[in-house]
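Structural characterization, general
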Amino acid sequence: MENNKALIAMSGGVDSSVAAFLTKEAGFDCTGATMKLFSNEDIGIEGESRCCSLDDVEDARSVANRLGIPFFVFNFSDNFRREVIERFITAYKNGETPNPCIDCNRFLKFEKFFLRARELDIGHIVTGHYAVICYDGAARRWGLKKGADESKDQSYVLYSLTQEQLAHTLLPLGGMTKAEVRAVAEANGFINAKKRESQDICFVPDGDYASFIERYTGEPNRAGQFVDKEGRALGEHRGFVRYTIGQRRGLGLSLREPLYVCAKCAARNTVVLGKESELFSKSLTATGINLIACDRLTAPLRIRAKVRYKQREQWATAEQTGDDRLRIEFDEPQRAVTPGQAVVMYDGDAVVGGGTIE
């Protein structure tokens, strides 16, 4: 697969458009492609969502035409439904809080899209992520580092990349700031130079996950009990999928003191409430692990780790306790460690690896 061809994942946004421009400028033989991931009928809404809309496809096509590169639309909606939407629903129904963007990267961009590039005899895929891929000649291993723009760094959502994927992926925006990216887009007359970013999960554009799950499955979210850690009833909840670990507002209860969501039990259909101090924990276990810096942790390792996208990394010790299991012990207790979210480990700016919090 070593050739000068590159397949650019073009979402219609400014980041992937500038990634395409920079890849062409670097001398690659470029082809642009948008992944059609769902239709509005698939997610039970009327009107266009921010992602996969006709406008997004046409914005991507406009940039490809301006760059003079071929452009395609790949229909990956079946894969997206199976690998992202249904994983999302299953996780919520199990009392977890998933991160579908990580699943989309893992199973769509860097698996299905990557395989499509292979089928087309294209040597590299290109995305608009803010992260840096590098090669360590001494270790004979590919690595992943944070993007230069700390406010836009996306290394957290890329921890699942394999050595083969890293070897054949280009991330042209890794050394740039968002302002610099927009300036390149404006200088080249791209139609999406000032296009706003979507902050929502693409298939839940209104942010109402519980209603989306009801529409998609046709099953109502059953009411149940709020309980304290001793199991005493505190009132009725409106379906445990409506609540997230650490939540205080919107519980619909009249309480003598502030209480927070500390846990959810799918088997009993309960939401456990407690004081803020009960939200903190010093350790976690994770499964579904992927290591980038090494094949396996053979001894306890000092790292910095974060348990959510926007969190700053915290000092911890990581230990691999099985083929697919990590235990991470933090120096200081961490607030609202949430099952279903990702924990990602760092050594300075380099991603060591990560997994899904169990």
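Keep in mind that what you see is a predicted model, and the values were worked out from it rather than measured.

The rules behind the values
Residues numbered from 1 in each chain as written. Predicted model: local features only at pLDDT ≥ 70, side-chain atom pairs only at ≥ 80, totals over all residues. Heavy atoms only, no water. Helix = DSSP H or I, 4+ residues; strand = E, 2+ residues; numbered from the N terminus. Rg over C-alpha atoms; globule rule 2.2 N^0.38 Å. Contact = heavy atoms within 4.5 Å. Areas by Shrake-Rupley, 256 points an atom, 1.4 Å probe, with all protein chains shown as cover. Lys, Arg positive; Asp, Glu negative; His and termini not counted. Charge placed at Lys NZ, Arg CZ, Asp CG, Glu CD. Pairing = 2+ DSSP bridges. Axes fitted to C-alpha atoms, helices over the stretch in contact; angles between N-to-C directions. Phe/Tyr/Trp six-rings, centres within 6.5 Å; stacked < 30°, edge-to-face > 60°. Buried < 20%, exposed > 50% of the residue type's maximum accessible area, 1.4 Å probe, protein only. Parallel < 35°, antiparallel > 145°, perpendicular 65-115°, else oblique. Left-handed = near helix turned anticlockwise from the far one by under 90°. Nonpolar A, V, L, I, M, F, W, Y, C, P; charged D, E, K, R; others polar. UniProt positions renumbered as here; feature names shortened; annotations may be inferred. Polar contact = N/O pair within 3.5 Å; in protein donor to acceptor, adjacent residues only side chain to side chain.

Moving on, we get to the overall build of the protein. For the protein, the helix and strand inventory stands at eight helices and 17 strands. Taking 21 Å as the expected radius of gyration for a compact globule of 358 residues, we find that the protein reaches 22 Å, a close match to that expectation. Taking the principal axes of its C-alpha atoms as reference, the protein extends roughly 65 × 50 × 35 Å. Across the protein, the fraction of contacts at a sequence separation of at least 24, relative to all contacts at a separation of at least 6, is 66%. Carbon and sulfur atoms make up 46% of the accessible area of the protein, which amounts to about 16900 Å² in all. Taking the average location of the 48 positive side-chain charges in the protein and that of its 50 negative ones, the two points are 3 Å from each other.

On to the sheet that holds strand E8 (residues 224–227), then. Taken in spatial order, the four strands of this open sheet run E9-E8-E11-E10, and their pairing is mixed. The open sheet has two edge strands with one neighbour each: strand E9 (233–237) and strand E10 (260–265). Along the sheet, successive strands turn relative to each other by an average axial angle of 30°, direction set aside. Two strands pair when backbone bridges link them, and E8 and strand E11 (residues 270–274) are joined in this way by three bridges, in the parallel orientation.

Next up on the list: the packing of aromatic side chains. Overall, the coordinates contain 16 aromatic pairs when judged by the stated rule. With a centroid separation of 5.8 Å and 85° between ring planes, the pair formed by Phe88 and Tyr209 is classed as edge-to-face. Here Tyr209 lies in helix H8 (residues 209–217) and Phe88 lies in helix H4 (residues 77–93), a separation of 121 residues in the sequence. What makes Phe88 buried here is its relative accessible area of 1%. A relative accessible area of 28% means that Tyr209 is categorised as partly exposed. Both rings, one in Phe226 and one in Tyr243, keep their centres 5.3 Å apart while their planes meet at 70°; by these two values the pair is edge-to-face.

Orientation of H4 relative to H8, taken along the N-to-C sense of each, is 115°, at an axis distance of 11 Å. Judged by the angle between their axes, H4 and H8 are roughly perpendicular. Our pair here, H4 against H8, has a crossing hand that is left-handed. Listed contacts from H8 to Arg81, Ile85, Glu86, Phe88, Ile89, Tyr92 and Lys93 of H4 are Tyr209, Phe212, Ile213, Tyr216 and Thr217. The class makeup of the residues in the contact of H4 with H8 is eight nonpolar, one polar and three charged.

Following the UniProt record, the feature "binding site: ATP" (unreviewed entry) maps to Ala9, Met10, Ser11, Gly12, Gly13, Val14, Asp15, Ser16, Met35 and Gly128 here. Here Ala9 lies in strand E1 (residues 5–9). In contact with Ala9, not counting residues within four places along its chain, are Ser16, Ala33, Phe113, Val126 and Thr127. Structurally, the position occupied by Asp15 is in helix H1 (residues 14–25). Those residues within four positions of Asp15 in sequence are excluded, and the remaining contacts are Gly128, Tyr130, Leu173, Lys178, Val181 and Glu197.

Before going further, it helps to spend a moment on the UniProt feature "site: Interaction with tRNA" (unreviewed entry) in the protein. UniProt marks His129 and Gln341 with the feature "site: Interaction with tRNA" (unreviewed entry), using the numbering shown here. By secondary structure assignment, the location of His129 is in the loop between strand E4 (124–126) and strand E5 (131–136). When its relative accessible area of 8% is taken as the criterion, His129 is described as buried. Those residues in contact with His129, other than ones at most four positions away along the chain, are Asn105, Lys109, Phe110, Gln154, Val157, Leu158, Leu171, Leu173 and Gly174. Reaching out from His129, the side chain makes a polar contact with the side chain of Thr127 at a distance of 2.7 Å. Secondary-structure assignment places Gln341 in the loop between strand E15 (325–335) and strand E16 (342–347). Discounting residues that sit within four places of it in the chain, Gln341 has contacts with Thr97, Pro98, Asn99, Tyr156, Val307, Gly355, Thr356 and Ile357.

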